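Read off the chains here:
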Amino acid sequence: MDWGYLVLAIFFVLFVLGTPVVFAIVLPSLLYIWCEGIPLATVSQRVLYALDSFPLVAVPVFIFVGNLMNAGGITDRIYHFAHTLAGRLPGGLAQVNIVGSLIFSGVSGAALADVGGIGRIEIKAMKDAGFPVPFAAALTGASAIVGPIFPPSIPIIIYASVTSISAVQLLIAGILPALLCVAMLMIAVWIAAVRKAYPRSASWPTLREMWTAFLPAAPALLTPFLLVGGMLSGSFTPTEASAVCVVYILLIGRFAYREMTLAFIHKAALDTIRTSAAVLIIVSAAAMFGWILAVEQVPQSFAGWFRDISSNPIVLLLIVNLIFFVAGMFVDSTTATLLLVPIVAPPVVAAGVDPIHLG
């Protein structure tokens, strides 16, 4: 029996039926282990091996950073600065939504932190200004994709842990794609705003107004430069950068903004525990699932299938983009990375695609 494809088929059926992702991964894995008579000690070893990863430590820490920003008044100041900067552009608050997401993503590294933090402010402001609520919600979700691309990026750190690629190089490589995404979103909003006459600020900001809005946000705006500069200079790794970021956010929240209280920190810590637990459970389950596929040589089969289609790196990259595009309709980026990267990366890299480019 070809267990590898059977496990994949069971996972797909369970997922389509609405089973939570973790159970859709775990149940076929446990069935395989039981039928093959594999000792449970082997399972625990694979799970612990997956979680015993120094780069993965950065995941809960950056989640904590995003929650601290929401609790410490930093989000409000970032939004005010983005509003002053981009409010006069065609689309007004819609453009502010995009710029605010870019600034916020330079600290949080996660789409959920963006939507849950500055996204709530953006949607309410757009609704009050007369924007259609579906448009405001859709734009907030679309602009939040910058978070997982621009450094620090939690999905990029997970990709680095899966492929053993330099996380620093991956994070730096994410800057240009993130800026391209922002530019294309702003152009799309510009076109929609002109066609539908969306409201915008009455006048361009003066230099004094720009400076007045910039000063309160400056400590938060320095965070991406601190992180990227520290990693490029070799002062700290991405994991150490996450800890540095926590200390920095605590300091500016307590001494610069004076809104960071113990109650806020306690709430942020609880929210982080809940979110991190969900992410790391998926990581451990996907590690066991990936180990089973590796034992059954499913990645090798896919590599042969890729070679049969084409040896052209561009064609293979287009296929990978299509696979992740479809997968992204059903699973989050963490799950898609953990399940699909071990399968699609080997043949694409073997065809000459740089693993940093692929990441």
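Our structure's up above, just so we're on the same page.
Residues numbered from 1 in each chain as written. Predicted model: local features only at pLDDT ≥ 70, side-chain atom pairs only at ≥ 80, totals over all residues. Heavy atoms only, no water.

1. What about the layout of surface pockets?
Move 1: By volume, the second largest pocket amounts to about 760 Å³.
Move 2: Lining the second largest pocket we find 31 residues, and of these Tyr49, Ala50, Ser161, Val162 and Ser164 sit closest to its centre.
Move 3: In terms of residue count, helix α14 (residues 262-295) provides more of the lining of the second largest pocket than any other element does, six residues in total.
Move 4: In terms of residue class, the lining of the second largest pocket is made up of 21 nonpolar, eight polar and two charged. (1 Å grid on protein atoms, 1.4 Å probe; cavity = no way out; pocket = protein on both sides within 12 Å on 5 of 7 lines; lining within 4 Å. Points joined across faces, edges and corners; volume = space filled by probe spheres on them. Helix = DSSP H or I, 4+ residues; strand = E, 2+ residues; numbered from the N terminus. Nonpolar A, V, L, I, M, F, W, Y, C, P; charged D, E, K, R; others polar.)

2. With respect to the packing of helix α1 (residues 3-16) against α14
Move 1: Here α1 crosses α14 at 145°, and the two axes come no closer than 8 Å. In this structure, α1 contributes Gly4, Val7, Leu8 and Phe11 to the contact, and α14 contributes Phe289, Ile292 and Leu293. (Axes fitted to C-alpha atoms, helices over the stretch in contact; angles between N-to-C directions. Contact = heavy atoms within 4.5 Å.)

3. A word on the packing of helix α2 (residues 21-36) against α14
Move 1: Where α2 meets α14, the axes come as close as 9 Å, and the angle between the chain directions of the two elements is 40°. For the element pair α2 / α14, the angle class is oblique. Considering only the axes of α2 and α14, their crossing is left-handed. The segment α2 lies against α14, with Val22, Ile25, Val26, Pro28, Ser29, Tyr32 and Ile33 engaging Ile281, Ile282, Ala285, Ala286, Met288, Phe289, Ile292 and Val295.
Move 2: Looking at the contact of α2 with α14 residue by residue, the classes come out as 14 nonpolar, one polar and no charged. (Parallel < 35°, antiparallel > 145°, perpendicular 65-115°, else oblique. Left-handed = near helix turned anticlockwise from the far one by under 90°.)

4. Quick look at helix α9 (residues 154-163)
Move 1: When you tally the buried positions in α9, you get seven out of 10 residues, the bulk of the element.
Move 2: Of the positions making up α9, those classed as buried are Ile154, Pro155, Ile156, Ile157, Ile158, Tyr159 and Ala160. (Buried < 20%, exposed > 50% of the residue type's maximum accessible area, 1.4 Å probe, protein only.)

5. Here's the deal with the pattern of salt bridges
Move 1: Evaluation of the coordinates by the stated rule reveals three salt bridges.
Move 2: A cluster of three or more residues bridged by salt bridges with shared partners is formed by Lys267, Asp271 and Arg274. (Salt bridge = Lys/Arg side-chain N within 4 Å of Asp/Glu carboxyl O.)

6. Things to note about empty space enclosed by the protein
Move 1: Counted under the stated rule, the structure contains one cavity of 30 Å³ or more.
Move 2: The computed volume of the largest cavity comes to approximately 40 Å³.
Move 3: Secondary structure elements with two or more residues in the lining of the largest cavity: α14 and α17 (333-350).
Move 4: Top element by residues in the lining of the largest cavity is α17. It accounts for four residues.
Move 5: Grouping the constituent residues of the lining of the largest cavity by class yields six nonpolar, one polar and no charged.

7. Focus on the side chain of Asn97
Move 1: With respect to the element layout, Asn97 can be found in helix α6 (residues 93-108).
Move 2: You can call Asn97 buried: its relative accessible area is 0%.
Move 3: In contact with Asn97, other than residues within four places in its own chain, are Glu122, Met126, Ala136, Leu139, Thr140 and Ser143.

8. Quick notes on the side chain of Ser29
Move 1: Take Ser29: it is sitting in helix α2.
Move 2: Excluding residues that lie within four positions of it along the chain, Ser29 makes contacts with Met288, Phe289 and Ile292.

9. Focus: the packing of aromatic side chains
Move 1: Taken as a whole, this structure holds six aromatic pairs when the rule is applied.
Move 2: Ring geometry for Phe135 against Tyr198: centres 5.0 Å apart, planes inclined by 35°, an arrangement best described as tilted. Of the two residues, Phe135 sits in helix α8 (residues 133-143) while Tyr198 sits in the loop between α11 (175-196) and α12 (207-232), which places them 63 residues apart along the sequence.
Move 3: Put simply, the rings of Phe81, Trp211 and Phe214 pair up and form one aromatic cluster. (Phe/Tyr/Trp six-rings, centres within 6.5 Å; stacked < 30°, edge-to-face > 60°.)

10. Considerations on the nonpolar core
Move 1: Core analysis: the largest hydrophobic core is formed by 108 residues, its most contacted members being Phe62, Ile74, Ile78, Ile249, Phe289, Val348 and Leu358.
Move 2: If you tally residues by element for this core, the top one is α14, at 11 residues.
Move 3: In this view, Val348 contacts Phe306, Leu316, Leu317, Val320, Val353 and Leu358; residues no more than four positions away in its chain are not counted. (Core = buried A, V, L, I, M, F, W, Y, C linked by side-chain atoms within 4.5 Å.)

11. Focus on a nonpolar patch on the surface
Move 1: A contiguous nonpolar patch, built from Leu322, Phe325, Val326, Met329 and Phe330 and spanning about 540 Å² of accessible area, is present on the exposed surface.
Move 2: Structurally, Leu322 is set in helix α16 (residues 313-327).
Move 3: Judged by relative accessible area, Leu322 falls into the exposed class, the value being 53%. (Patch = residues over 30% accessible without salt bridge, like charges linked within 9 Å, V, L, I, M, F, W, Y side chains within 5 Å. Areas by Shrake-Rupley, 256 points an atom, 1.4 Å probe, with all protein chains shown as cover.)

Bear in mind that shape data such as this cannot, by itself, settle questions of function.
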